[in-house]
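Analysis of the macromolecular model
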Amino acid sequence: MSTTQDHPSTTPDQRPDADEALLLPIADARTTRRQAVRRLGRRPFALLGVAALFVAASVCGLAAPALLGRIVEAVTENEPGGVVFACAGGILAAGIAAAALGRLAHAWLARLLQSALAELREEAFRTAMGIPQARLEKAGVGDVVSRVSGDVEAVGEAVGGVLPVFTAAGFTIVVTAGGLAVLDPRFALAALVAAPVQVLATRWFLRRSGPAYRRLRIAEGHRTGELVEVFTSEETIVTTGRSARHAQRVARASEDAIAPALRATRIMATFWNSLNAAELVGLASVLAVGALLSSSGTVTVSAATTAALLYFRLFDPIGVVLSEFDALQRATAGLSRLVGVVSVADRYAARATEAQRAAQRARTPARLTLENVSFAHAPGRLAVTEVSLTVHPGERIAVVGASGSGKSSLAGLVAGIHTPDAGRVLLDGEPVVPGAAAEAGVLLVTQEVRVFAGTVADNLRLAAPDAPDADLDAALRAVGADWVLDLPDGTATRVGPDGLEPSSERAQQLALARVVLARPRVLVLDEATAETGARAARALDRATANAIGDASALVIAHRLTQAETADRVVVMDHGRIVEEGPHADLLAKRGTYARLWHAWTARTTTNGAPVA
Ligand SMILES: Nc1ncnc2c1ncn2[C@@H]1O[C@H](COP(=O)(O)OP(=O)(O)OP(=O)(O)O)[C@@H](O)[C@H]1O
């Protein structure tokens with residue numbers, strides 16, 4: 001079931017080697033271009049405005065060569081000094097106008113591109129969040145992190161710098177080449193002598209630099225992954241004495257990144273030398289044609305001078321356009337990796353079936369069925385083995401078992417956090433689409449209850465954005481969180497790192513209040529409050545019961561008092577269900593459950609927290 005999800009189809013050239021088979025896809029050039037055009041196309045008027053500014057700036061830039069040519073003519077023809085001064089004034093005014101217009105166009109384009117990139121980044125981030133955990137782990141967290149950080153940075157740099165410069169250069173080339181052709185088409189033809197060298201050098205460069213930069217980014221992503229692993233598990237690495245091995249792995253990943261970096265540098269150096277040679281050939285050709293034509297009297301000295309100056313004026317922008325392909329390639333490589341993430345959005349934009357969504361809207365009681373479900377976190381080590389179970393509408397099942405017996409993994413499977421390797425999870429007979437369990441009405445309250453920075457009301461409205469204040473108050477009362485209402489600011493009290501930090505039990509209450517507001521059809525509770533005091537435990541059990549309401553419930557019972565009051569108890573051992581039945585029946589059986597129960601009651605009594 002997971003295989004089609006986990007291995008999106010890609011063309012061979014998107015996957016140059018086997019190592020990349022596990023990574024997220026990288027969009028091909030056409031898809032990347034299409035995405036870029038589609039996103040920029042959403043701002044047509046701004047784009048037209050920017051283009052108009054660039055053209056105006058380029059036209060102003062033409063004034064200098066033309067007026068300089070006129071000055072040469074005025075001097076050679078001994079014209080009055082006023083002509084020279086007027087031309088000089090014109091050059092100054094045109095220069096100022098060109099700089100101001102160019103600057104405006106540059107800033108406007110950069111802002112436009114930045115906001116398009118911000119949208120893309122948001123989308124890539126949202127998509128990454130929606131990708132099932134197993135797939136993300138296979139892709140490598142380093143790969144994902146480097147895409148939404150390193151690649152965004154590379155593209156962001158290009159968007160803020162090289163891309164507007166590149167665009168300005170492009171406009172300058174087109175307008176100046178046009179000016180050259182208008183002056184005399186023969187000058188334009190003479191300038192074209194350099195073009196074959198430039199085209200060949202650019203094609204050579206493009207063919208090599210794209211793959212070279214993609215490989216470089218992959219190697220850098222791998223190095224990031226190794227570093228992230230060291231930083232996130234630093235303590236484990238040090239305490240288990242594995243630091244030397246990890247240092248070696250980081251060193252190897254860094255060394256692996258050197259060869260692609262060197263290759264990219266070599267490609268660029270060769271390209272630059274070819275460009276310089278082409279410019280020399282082109283200028284010599286324009287000068288020779290100018291000398292020939294002016295000596296034969298076909299063109300004026302002024303025109304020949306202007307032509308040489310116009311061609312000279314092309315050096316910079318041509319150099320920018322061709323050489324900045326380098327930075328643009330790097331940015332495109334980053335962009336194609338970002339677009340690659342976005343391109344899997346549809347694949348992972350899981351939707352619950354229409355029937356499931358309708359049932360959740362109507363809150364009709366649900367039947368949850370697990371059919372022969374098996375699941376392994378790591379290959380070959382099943383955490384859940386061939387589990388079959390039916391939770392009838394409104395039934396409350398407690399899942400118990402020793403630590404590591406597979407309870408949380410089972411909860412994750414029901415809630416769509418994990419995808420079964422075999423078997424099916426069904427809601428009213430229909431498979432629960434991985435990633436769409438919440439939409440189908442399955443809600444998981446995990447062991448890690450988080451309080452988000454914001455007000456209590458913000459925290460509660462995560463479950464029901466439109467809930468009125470009265471519903472928030474009622475939900476808080478239902479789970480015994482009246483303490484919130486007694487605070488001076490009530491539900492407007494700020495919680496989280498910059499406000500009130502509730503205890504774990506109070507955080508649990510807030511999580512349960514969210515459940516009351518969300519009113520799921522199936523509730524999966526995997527809470528971590530086994531060692532709480534007896535009074536608090538009773539209060540929490542009451543809150544849990546109220547939160548469950550008439551939903552079908554799977555409660556991972558860390559306190560066996562939760563098993564005692566459940567309709568049915570399921571006992572897990574080494575990933576399998578080994579016993580199943582009401583509390584009293586299982587006790588009478590004197591099997592695994594009875595042993596767990598006696599151990600639990602003895603422990604809680606000696607802890608001074610007797611069961612109720
Ligand atoms: N993210 C993970 N990666 C690899 N193995 C895991 C992961 N999570 C759990 N396991 C393994 O899967 C098995 C079942 O673990 P699980 O957490 O589901 O058990 P549990 O009964 O919920 O334990 P506890 O009561 O301690 O939470 C264990 O062998 C555990 O080591």
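Residues numbered from 1 in each chain as written. Predicted model: local features only at pLDDT ≥ 70, side-chain atom pairs only at ≥ 80, totals over all residues. Heavy atoms only, no water.

1. Looking at the overall build of the protein chain
Counting its secondary structure elements, the protein chain contains 24 helices and 12 strands. With 612 residues in all, the protein chain has 44% of them scored as buried. When the accessible area of the protein chain is evaluated, it comes to approximately 29600 Å², of which 60% is carbon and sulfur surface. (Helix = DSSP H or I, 4+ residues; strand = E, 2+ residues; numbered from the N terminus. Buried < 20%, exposed > 50% of the residue type's maximum accessible area, 1.4 Å probe, protein only. Areas by Shrake-Rupley, 256 points an atom, 1.4 Å probe, with all protein chains shown as cover.)

2. A word on the sheet that holds strand E1 (residues 368-378)
Spatially, E2-E1-E4-E5 is the arrangement adopted by the 4 strands of the open sheet, whose pairing is antiparallel. The open sheet is flanked by strand E2 (381-391) and strand E5 (430-431), the only strands paired with a single partner. One ladder, built from 5 bridges, connects E1 with strand E4 (residues 422-427); its direction is antiparallel. Bridging from a neighbouring strand, Leu370 pairs with Val425 of E4. Contacting E1, E2 and E4, helix H15 (residues 407-414) runs over the sheet at an angle of about 120° to E1. (Pairing = 2+ DSSP bridges. Contact = heavy atoms within 4.5 Å. Axes fitted to C-alpha atoms, helices over the stretch in contact; angles between N-to-C directions.)

3. Observations regarding the packing of aromatic side chains
Under the criterion given, the structure shown has 5 aromatic pairs. Ring geometry for Phe205 versus Phe271: centroids 4.2 Å apart, planes at 15°, classification stacked. Of this pair, Phe205 sits in helix H8 (residues 195-232) while Phe271 is found in helix H10 (residues 243-295), placing the two residues 66 residues apart along the sequence. One exposure class covers both Phe205 and Phe271, and it is buried. With a centroid separation of 5.5 Å and an interplanar angle of 85°, the aromatic rings of Tyr311 and Phe315 are classed as edge-to-face. Here Tyr311 and its partner Phe315 are both found in helix H11 (residues 301-323), 4 residues apart, which amounts to about one turn of the helix. (Phe/Tyr/Trp six-rings, centres within 6.5 Å; stacked < 30°, edge-to-face > 60°.)

4. Brief notes about the site of the ligand
Lining the immediate surroundings of the ligand are 12 residues, of which Ser403, Gly404, Lys407, Ser408 and Ser409 lie closest. Contact distances for the ligand include 3.4 Å between a nitrogen atom and a side-chain N or O atom of His377. Ser405 places a polar main-chain atom, nitrogen or oxygen, 3.1 Å from an oxygen atom of the ligand. Its free accessible area being 630 Å², the ligand has 58% of it covered by the protein chains. The biggest single contributor to the shell around the ligand is H15, with 3 residues. (Near = heavy atom within 4 Å. Polar contact = N/O pair within 3.5 Å; in protein donor to acceptor, adjacent residues only side chain to side chain.)

5. As for the confidence of the model for the protein chain
Close reading of the predicted structure is inappropriate where its pLDDT is low. Overall, the predicted model of the protein chain reaches an average pLDDT of 82, with 87% of residues at or above 70. Averaged pLDDT values over the elements of the protein chain bottom out at 32 in helix H1 (residues 3-6) and peak at 95 in strand E11 (residues 568-573). (pLDDT = per-residue confidence, 0-100.)

6. Comments concerning the UniProt feature "transmembrane region" (unreviewed entry) in the protein chain
As annotated in UniProt, the feature "transmembrane region" (unreviewed entry) corresponds to residues 45-68, 80-101, 162-181 and 187-206 in the numbering used here. Secondary structure within residues 80-101 divides into 95% helix and 0% strand; the distance between the first and last C-alpha atoms comes to 32 Å. In residues 162-181, helix accounts for 100% and strand for 0%; the two terminal C-alpha atoms are 28 Å from one another. (UniProt positions renumbered as here; feature names shortened; annotations may be inferred.)

7. Topic: the environment of Glu153
Inspection of the secondary structure assignment puts Glu153 in helix H6 (residues 141-183). Residue Glu153 is classed as exposed on the basis of its relative accessible area, which comes to 53%. Note: C-alpha distance between Glu153 and Ala331 (178 residues apart in sequence) is 8.9 Å.

8. Side note on the environment of Glu580
Positionally, Glu580 belongs in strand E12 (residues 576-581). With relative accessibility at 38%, the residue Glu580 sits in the partly exposed group. On a C-alpha basis, the gap between Glu580 and Val570 in space is 4.5 Å, while along the polypeptide they are 10 residues apart. In contact with Glu580, other than residues within four places in its own chain, are Leu389, Arg568, Val569, Val570 and Leu586.

9. Description of the pairing of E1
Across 7 bridges, the pairing between E1 and E2 is antiparallel. Its bridge partner being in E2, Thr369 is matched across the sheet by Thr390. What sits between E1 and E2 in their antiparallel hairpin is a turn of 2 residues, with Gly380 showing a positive phi close to 80°.

10. Notes on the nonpolar core
Membership of the largest hydrophobic core comes to 31 residues, with the highest contact counts inside it found for Leu180, Phe187, Phe271, Val286, Val299, Tyr311 and Leu322. With 10 residues, the top contributor of residues to this core is H11. Taken domain by domain, the makeup of this core includes at least three residues from each of domain 1 (22-184 + 324-349) and domain 2 (185-298). Beyond its immediate stretch of four places on either side in the chain, Phe187 contacts Leu180, Val286, Val289, Gly290, Leu293, Val299, Ala303, Ala304 and Ala307. (Core = buried A, V, L, I, M, F, W, Y, C linked by side-chain atoms within 4.5 Å. Domains from an automatic or database assignment.)

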